[in-house]
Amino acid sequence: MTVPSGRRERKKAATRQKIADTALRLFTERGYDAVGIREVAAEADVAVTTLFSHFASKEALVFEQDQDFEQRLTQAVTGRAPHEPLIPVLRREIQALVRHCTADSAAPIWRMIDASPALREYEESMRLRHAESLATAIAADPGLSQTPTACRTIARFAIDAFSLAREAAEPEAAVDEIFQMIEAAWAVTQGRLPAPLGPAGELNAE
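Model, not experiment: these values are computed from the prediction. (Residues numbered from 1 in each chain as written. Predicted model: local features only at pLDDT ≥ 70, side-chain atom pairs only at ≥ 80, totals over all residues. Heavy atoms only, no water.)

This part takes up the environment of W186. Along the chain, the position of W186 falls in helix 10 (residues 171-189). For the pair formed by W186 and Q146, sequence separation is 40 residues and the distance between their alpha carbons is 9.7 Å. (Helix = DSSP H or I, 4+ residues; strand = E, 2+ residues; numbered from the N terminus.)

So this is what it looks like as structure tokens:
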């Protein structure tokens, strides 16, 4: 989670986290559909309007790190070293997100999401938004010089890699396998044969 600076920002962040933590506790204890927005607000000791100033919908309460994840993905592109290859950077970030979301503590949350059509639909829209933001960051990099279609395709592949790996029996191994294919697809857009990724995501020397 991004650490806010300034007293007002820290207070807002603390309130937001309190609401999210309260919502997840109630949802996991009683079931997502059994808990209403007003109950979450009352339990968190905030007004309903305050809750909605931090979260646009009930579904958003479950995905409280949505913006942080999106920012991490785009910063993986914009913050990498000059001439650093794109695909290994994306692979490392997706691997870190997969580790976070497959931790034992996250299991009850994902069971809740998988059991709720509304939450699955929200997650799908969230993934599409993350993919578009990532594609925009890739397209804006003058060193990559790819078509909009190529940028959107690779971004969608990377976001889908997270979902596929999260559901795999061996998530980290799945990330490695998927990114071998993503690297091959990216290499085609550059008119070259792909170099294989090593076990830690680095490009192997030919």
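Now for the side chain of E93. By the element assignment, E93 lies in helix 6 (residues 86-101). Judged by relative accessible area, E93 falls into the buried class, the value being 17%. Among the polar contacts made by the side chain of E93, one reaches the side chain of R72 at a distance of 2.6 Å. Residues in contact with E93, not counting those within four places in the same chain, are R72, L73 and A76. (Buried < 20%, exposed > 50% of the residue type's maximum accessible area, 1.4 Å probe, protein only. Polar contact = N/O pair within 3.5 Å; in protein donor to acceptor, adjacent residues only side chain to side chain. Contact = heavy atoms within 4.5 Å.)

What follows deals with helix 6. Under the 1.5 Å per step criterion, the end-to-end length of helix 6 is 23 Å for 16 residues, consistent within 8% with the ideal 22 Å. For helix 6, the buried fraction is high: twelve of the 16 residues fall into the buried class. Every buried residue of helix 6 is listed here: L86, I87, P88, V89, L90, R91, E93, I94, Q95, L97, V98 and C101. (Expected span 1.5 Å × (residues − 1).)

Right, let's get into the pattern of salt bridges. Summed over all chains, the structure comprises 16 salt bridges. Between R72 and E93 there is a salt bridge, with the nearest N and O atoms lying 2.6 Å from each other. Residue R72 is found in helix 5 (residues 66-78), and its partner E93 is found in helix 6; the two are separated by 21 residues along the sequence. Classification of R72 as partly exposed rests on a relative accessible area of 32%. For R99, the salt bridge is made with E172, and the minimal N-O distance between the two is 3.1 Å. A residue pair is termed long-range when its members are at least 10 positions apart, and R99 in helix 6 and E172 in helix 10 qualify at 73 residues. What makes E172 partly exposed here is its relative accessible area of 37%. Through salt bridges with shared partners, a single network forms among R25, E29 and E43. (Salt bridge = Lys/Arg side-chain N within 4 Å of Asp/Glu carboxyl O.)

Purely geometric stuff here, so don't read any function into it on its own.
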